[in-house]
Structure formats: structure tokens, C-alpha cells
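Overview (structure and organization)
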Protein chains: 2
Amino acid sequence: MTYFSTTTLEPQVESRANPPQLIALDWGTSSFRAYLLGSEGQVLETRSGGRGVLAVTTDVLNQKDRTVAFVRELETMCGDWLQDNPGLPMIACGMVGSNQGWTEVDYRTIPSNLLESSASLTSVSTPYGPLWIIPGLLKEGQPGSIVDLPDVMRGEETQLLGALPQADAGDDPYIVVLPGTHTKWVRLSGSVVTDFGTSMTGELYDLLVRHSILGRLAETPEQPNEAAFLRGLDVAFGTQEPRASPGGEGILATLFSARTLVMTGNLDALEVHDYISGLLIGAEIVNFSRRWMNDGNEGVQGPTPVSICANTALTRRYGVALNHAGITPSFAHRNAAARGLWLAALATGLTTKENI
Amino acid sequence: MTYFSTTTLEPQVESRANPPQLIALDWGTSSFRAYLLGSEGQVLETRSGGRGVLAVTTDVLNQKDRTVAFVRELETMCGDWLQDNPGLPMIACGMVGSNQGWTEVDYRTIPSNLLESSASLTSVSTPYGPLWIIPGLLKEGQPGSIVDLPDVMRGEETQLLGALPQADAGDDPYIVVLPGTHTKWVRLSGSVVTDFGTSMTGELYDLLVRHSILGRLAETPEQPNEAAFLRGLDVAFGTQEPRASPGGEGILATLFSARTLVMTGNLDALEVHDYISGLLIGAEIVNFSRRWMNDGNEGVQGPTPVSICANTALTRRYGVALNHAGITPSFAHRNAAARGLWLAALATGLTTKENI
């Protein structure tokens, strides 16, 4: 049973005969991607490689500078779209709506229905009309609790909206993994986010490879080495037998082997990066599968279904890792962010369309 | 039952009437400490703050430069000792004996009796006579194994020698923790090292505080905040009930809380550093206590005894953490390195003394 439509991996590009309906922005901490969407939410054009929130605000001293800086970056990415389509509605998600972004948008607290929360927009004014920003999600946790800790997301809630089941999938719980610098594991029931957590996997990988002693014996490979990645997973899982609930020690006890295996001639310098990636993603899967995978659904409905929602090389990496842990993931909508932005715009009447 | 002598925290400084017998060097990656030892191994004088192996070799291009650089640093630290006591024997331990150091000294493989392995010395020649270097220890592991991984140490083997039981403590297994940038957990039986592992706790703490997003909401406290440290331990253990086998999720699932707790007003910016320290040291204790603490000794002889061997602020921190995990550690010889260097020199006849 698949919870998500698995569309082609090629973005749907249609002729400009289809008039643009919406400018949709996925504006994160370190990346900025813009979509020009057509009358049924089709991606007419995609622009990527824009400057993320951190880069845009590098030299910003006050709120006026801040506005100028974000407007300039908006024009750099979408200037021609704005000129050719005056008054075209604009919507955005991500850290652009944080205190480090263009303006701070309040979080919606979970449990939260994505169909509702993503529709409560806040706007900033631009020379081209208002830019509407989607709120992030907050898990408040229990103050003082050591197990129920707070967590936050900005942008992922919109990808989740875009990745929601086409048909009503009922209320059975399912899990969506959104790989990245700060990977999110999200537990949903229908369109309601009931719980989520953050794993700093991508940032830790970057720190270890670039700044730690482990990087000294490593060489950057031409292309990913899957055998080394699988080996890292095996060490993280503490087993070579795929199973639904892998165990294994934490990364504090395993990381140093990325150095000692090379010193003893058991790992090639070109394999170190993928091996470390396996240790980290493996440990992440151990943590969250322990937390969520076998919570009463085993047996009756089988383990909780897991989907991967990403648009990067990490999609395949997480797919391999979950399969290696005995978990068979499905894959979410290729353009989940663009689709989520479109659905939020529709839900608020920012744009219209007959049949969704 | 205490496995270690717990001497005064003040170094034993005696009058120069006691003639120097040995120059003992603890020369690591980032630190260099020199001891002038008397006729019974007493510390007559201590010099610290010398340049570690990395700093010494920064501009080194070839082996000749390398020798010159190390001799110069030796003279900077011990020049007057060498002038006043011509022909005084010299011994060293640590990364000075690595391929990044003065000369590469082979490892001794475990299981290894410290009384023997620390006595097989390699020398480099200096204008002041030979400098004898103690070999490190190698855990070979099983090639291809995902659980029996290789590991290495250089310098800690000498601290362990200096921290060995005064009287014969029999063959009951015991554990020595040596906190640091790369904390070592060592399992011994009598004077034989049977197993050990490395936890990159100190290096990870440094990376996270200095380079990760967690550092952005943190302020450096005037002094350690024990409450925040204990809170981090509780989260790492997944419990506030001290017990011998703490559980809890790995740091990938807990680290981000060092940001979200501040964002939600549940943690002060001044508490972040100690909270992260608690998360990391707590996870380290979970890993190694799971591996070693309850391996058949529970009940009959009680849990495996644990001792902390360090000379830094980390000694107290690890003591608090182990106690919080329900493990009561003892504390090793204050000058374990100096004592180990002395014992190795005695064992090889490099220096002599009637009654050890």
C-alpha cells in the first residue's frame, strides 16, 4: 500500500501557452528555489541556486537593509517572471519566515492539520505586491521533560502538504522522512502531524568530514561508494542481518573506526566519506525506528509505513539505508515543495482552480 | 574495594637536594608536559604548556627539519634541566612516537601486559643523548567484522601503567576511563589490557560548540553549570533514575534540543555548553556501560569497577556523570603519566632504584 503518488523524476515542464498562476518560493537557510506554476499547479519553470537566508542577510544591519536584501534576491531569481506577469500572487515557505529571515512568522503547534495550518499565511510587502509566507510547525514538548523535548520545522511542513496521500488514506499512522542538513522524521495520521523529531545528520557529516581528525585520512571519491556506505550501516546497526529494529552502539563508540580502519589497512581513504555517512544515517535510523516503528502496529497492520520525501541524492541514500534496516520505504512526490506551495495558495484563495 | 592509590591533588615537589634521575615527557598531539623526576620517581619539577606534535611540525617539510623542530622544542621546555644534568636519561610517551611525531614507534597489540609492553622502547638521538619512546597499543579487531573494530592509543598506555593497582588486585576485570579529546575506555585484568575503545567526545563537543548551529544560541558561561550538565545526562540516559545500565536515544536524536529548548525558553543561552557536554558524555557512558558494565560480573562480584584517570577538569565532570548513571568510580593516581614514565624507565634499566 503506497501512501504517496510516485510521479516521474523529470519535472513537468509545459509550454508557456499555459498561463502562469503563482510564483512559489522554497526559501531555506542555505538554499533558495523558485517555481513558476501553471493553472493546475504544473511546474512551468524552476529556478534553483538562489541565495539562502544566511547568505542574503550576511551584511544586513537593520530591518530596512533586511527588506532591501530580500527584495534584491527575489528580483535576481524571479525578476523576469515579475515583469512579465504583473500582480501574479507570490507564496513562500522555509526559514525566510524565521527571525533570521525576511519576517518572523509564528509557528503552528502540533498536533496540526496540514490542510489548515499551511493555509494561515502572513505577508510581507514587496514592490510587486504581498509575498505570503507559510508558518512552520512547533512541537512544544513537556517543559522539564527529558523525553518529550521541543522541536521545530520551517519549510518541511509545506513539503509534507505536497506529499499528502492523493486519496483518503484513513487514519493509520505513517512516517515521512525528510533528509537534509537537519533531517526531519515526521509521524502523521491522515493530514495531521502528530509528532516529529530532528536529526542533525547532515550537519554532523559535514563537520566530521571537513573539521575532524577523521577527515585527515580521507580522500574525496569521484562517486559514492555503496559498499563503504553499507559497511557503515552494518556497524551502526550492529548486525548484517536486516531487521525492523536494528540495534548497535551509538556513533560516539563507532566514529573513531573511520580512522583506525584506514590506519590498519581495512578501509581505503576513498571509502571514508561514505563509511561515515553510513555510520551516521544508520545511527539515525536506529534512534527513530526504536522510537516509532514498532509502536503497537506490528502484527495487526504490520510496521508503520515509511516514506522518503526529498529531491536530492540523499533520497537514494536513505532508501538504501532503510531497506538495509528491513524497512521498505515509499517515495514521496518529486516536487513536494512546489505542490505544497500550490495547495496552500489554493486553500487560501490566493489562486484558484476548479478541480484539484 | 579501590583499585588505585588516591594521592593528594598537589603534585609532590621535593627539594633539589634529591638528585634528578630522569627527564620524563608526556608529548601528545596538542600538549607537551615535562617532568623532572627524583631518585624514587618523585616529581621534582613540572613544566607544562609546551607545544604538541601538531604545533611542532606545522612548518616541517622533511625528516631533518622534523628532528630540528623537536630538538628545539625539547630545549625550550627542558634546556636548563639538560644543561644542569648532563647525561640524564630521557623517556617519552604519546603522539611524539607516531608517524606525525618525531619518529614512528610500532604499536604493541593487545592483549598486552603493560609491565612488559611499556618496557620495549625505541630511541631517537638528540644532542643530549638518546630519547626513549614508549610504544602505543593497538587493538587489531577482526578484519571485516562490524563489531570487533580496530583501535589505537599512544600515551594512555603509560598513564595506565602509572595507575596500576599498588598491590596485586588479582585478575578481576576492571575499567579505566581516560577522558580527553578522544576519551579512552580500557578494560584490564591485573596489568593486562584486554580491550579498549575510543569515544570522540571531546572533539565532537568542540566541533558542535564552535562550528554547528547549536553554538549560535549559546553564550560561554563564567563557570560550569552543573544543573545544565545533569539535565543533558538525564536526556542522554532517558531517565532521571540513576541506574547501572542507562538507555536513552543516541545524540542524533537529542542534540537538536540544545537549540529548541533555548528557542522555547526552556534553556538559558549560558546553559547550552554544559547541556551539550551532558548529552555527549551521557551518550558515551550509555555506549560503553552497555558494552562492558554488566558482562557477567553483576550479582556475583557486583558490577565491574570503574576508575577515572585524568588530570583535568574532565575528571570531576566524568565523576559526576558516572555517579549519575549509578556507577561509583574511583580516581586514579594524580600523576599517572609521570609515574608510568618512571616505571617504564625502571623496567628497562634506563634508571634504577632499589625499592619500587
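Just so it is clear, the structure is predicted and the values come from calculations on it, not from any experiment.

**Things to note about the pattern of salt bridges**
All names here are of chain A. Considering all chains together, one arrives at 17 salt bridges over all chains under this definition. Of the charged contacts in the structure, one is a salt bridge between Arg47 and Asp80, with a shortest N-O distance of 2.8 Å. Highlighted residues: Arg47 in strand 3 (residues 43-50) and Asp80 in helix 2 (residues 63-84), separated in sequence by 33 residues. Looking at Asp80, the relative accessible area reads 34%, which means it is partly exposed. Measuring nitrogen to oxygen at the nearest pair gives 3.9 Å for the salt bridge that ties Asp151 to Lys184. With Asp151 in strand 10 (residues 151-153) and Lys184 in strand 12 (residues 183-189), this pair connects stretches of sequence that are 33 residues apart. As far as burial versus exposure is concerned, Asp151 and Lys184 are alike and both buried. Three or more residues joined by partner-sharing salt bridges are found here, namely Glu45, Arg47 and Asp80.

**Concerning the packing of helix 6 (residues 226-237) of chain A against helix 10 (residues 313-324) of chain A**
Residue and element names in this part refer to chain A. Axis separation between helix 6 and helix 10 bottoms out at 10 Å; the angle between their running directions is 45°. Classified by the interaxial angle, the pair formed by helix 6 and helix 10 is oblique. In terms of crossing hand, the pair formed by helix 6 and helix 10 is right-handed. In this structure, helix 6 contributes Glu226, Phe229, Leu230, Leu233, Asp234 and Phe237 to the contact, and helix 10 contributes Arg316, Arg317, Val320, Ala321 and His324. Looking at side-chain class alone, the contact of helix 6 with helix 10 contains six nonpolar, one polar and four charged residues.

**Considering the domain arrangement of chain A**
Parsing chain A into structural domains produces domain 1 (22-169 + 335-348) and domain 2 (212-304). Computed from C-alpha atoms alone, the centre-to-centre distance between domain 1 of chain A and domain 2 of chain A is 33 Å.

**Considerations on the interface of chain B and chain A**
Facing the 54 residues of chain B at the interface are 53 residues of chain A. Roughly 4,400 Å² of surface becomes buried between chain B and chain A when both sides are summed, with 67% attributable to carbon and sulfur atoms. Contact with chain A buries surface across chain B, with Ile146, Leu252 and Phe256 of chain B losing the most and accounting together for 18% of the total. The interface formed by chain B and chain A includes zero salt bridges. Connecting chain B to chain A are six residue pairs in polar contact (both at pLDDT 80 or more). Contributing elements (two or more residues each) for the side of chain B that touches chain A: strand 10 (151-153), strand 13 (192-199), helix 5 (201-211), helix 6 (226-237), helix 7 (251-254), helix 8 (257-263) and helix 9 (272-292) of chain B. When residues in the side of chain B that touches chain A are grouped by element, the largest group, eight residues, is from helix 9 of chain B. Across the side of chain B that touches chain A, the residue classes break down as 27 nonpolar, 17 polar and 10 charged.

**Regarding the pairing of strand 2 (residues 32-37) of chain A**
Looking along a regular strand, one sees side chains alternate from face to face of the sheet. Residues and elements named next belong to chain A. Here strand 2 lies mainly inside the structure; five of its six residues are buried. Strand direction decides the pairing type here: strand 1 (residues 22-27) and strand 2, joined by six bridges, are antiparallel. Note on strand 2: the bridge partner recorded for Asp26 is Arg33. Of the strand pairs in this sheet, strand 2 and strand 3 are connected by five bridges, and their pairing is antiparallel.

**Side note on the sheet that holds strand 14 (residues 306-308) of chain B**
Residues and elements named next belong to chain B. Spatially, six strands are ordered 6-13-12-11-14-15 in an open sheet, and the strand pairing comes out mixed. Each edge of the sheet is formed by a strand with only one pairing partner; in this case those strands are strand 6 (112-113) and strand 15 (330-331). Sheet topology places strand 11 (residues 173-178) next to strand 12 (residues 183-189); six bridges connect them, and they run antiparallel. If you follow Val177 over to strand 12, its bridge partner there is Trp185.

**Examining the packing of aromatic side chains**
Across all of its chains, the model carries 10 aromatic pairs over all chains by this definition. A centroid spacing of 6.3 Å and a plane angle of 80° characterise the contact between Trp27 of chain A and Trp102 of chain A, whose relative ring orientation is edge-to-face. One end of the pair, Trp27 of chain A, is in strand 1; the other, Trp102 of chain A, is in the loop between strand 4 (90-93) and strand 5 (108-109), with 75 residues separating them in the sequence. Grouping residues by exposure puts Trp27 of chain A and Trp102 of chain A together as buried. Members of the aromatic cluster, each reached through a chain of ring pairs, are Trp27, Phe32, Phe70 and Trp102 of chain A. The ring of Phe229 of chain A is capped by Arg317 of chain A, whose NZ or CZ atom sits 4.8 Å from the centre of that ring. Directly above the aromatic system of Tyr107 of chain B lies the positively charged group of Arg154 of chain B, at a separation of 4.0 Å from the ring centroid.

Parameters at a glance
- Residues numbered from 1 in each chain as written.
- Chains lettered and ligands numbered in written order.
- Predicted model: local features only at pLDDT ≥ 70, side-chain atom pairs only at ≥ 80, totals over all residues.
- Heavy atoms only, no water.
- Salt bridge = Lys/Arg side-chain N within 4 Å of Asp/Glu carboxyl O.
- Helix = DSSP H or I, 4+ residues; strand = E, 2+ residues; numbered from the N terminus.
- Buried < 20%, exposed > 50% of the residue type's maximum accessible area, 1.4 Å probe, protein only.
- Axes fitted to C-alpha atoms, helices over the stretch in contact; angles between N-to-C directions.
- Parallel < 35°, antiparallel > 145°, perpendicular 65-115°, else oblique.
- Left-handed = near helix turned anticlockwise from the far one by under 90°.
- Contact = heavy atoms within 4.5 Å.
- Nonpolar A, V, L, I, M, F, W, Y, C, P; charged D, E, K, R; others polar.
- Domains from an automatic or database assignment.
- Buried area = accessible area lost by both parts, 1.4 Å probe.
- Polar contact = N/O pair within 3.5 Å; in protein donor to acceptor, adjacent residues only side chain to side chain.
- Pairing = 2+ DSSP bridges.
- Phe/Tyr/Trp six-rings, centres within 6.5 Å; stacked < 30°, edge-to-face > 60°.
- Lys NZ or Arg CZ within 6 Å of the ring centre and 35° of its normal.

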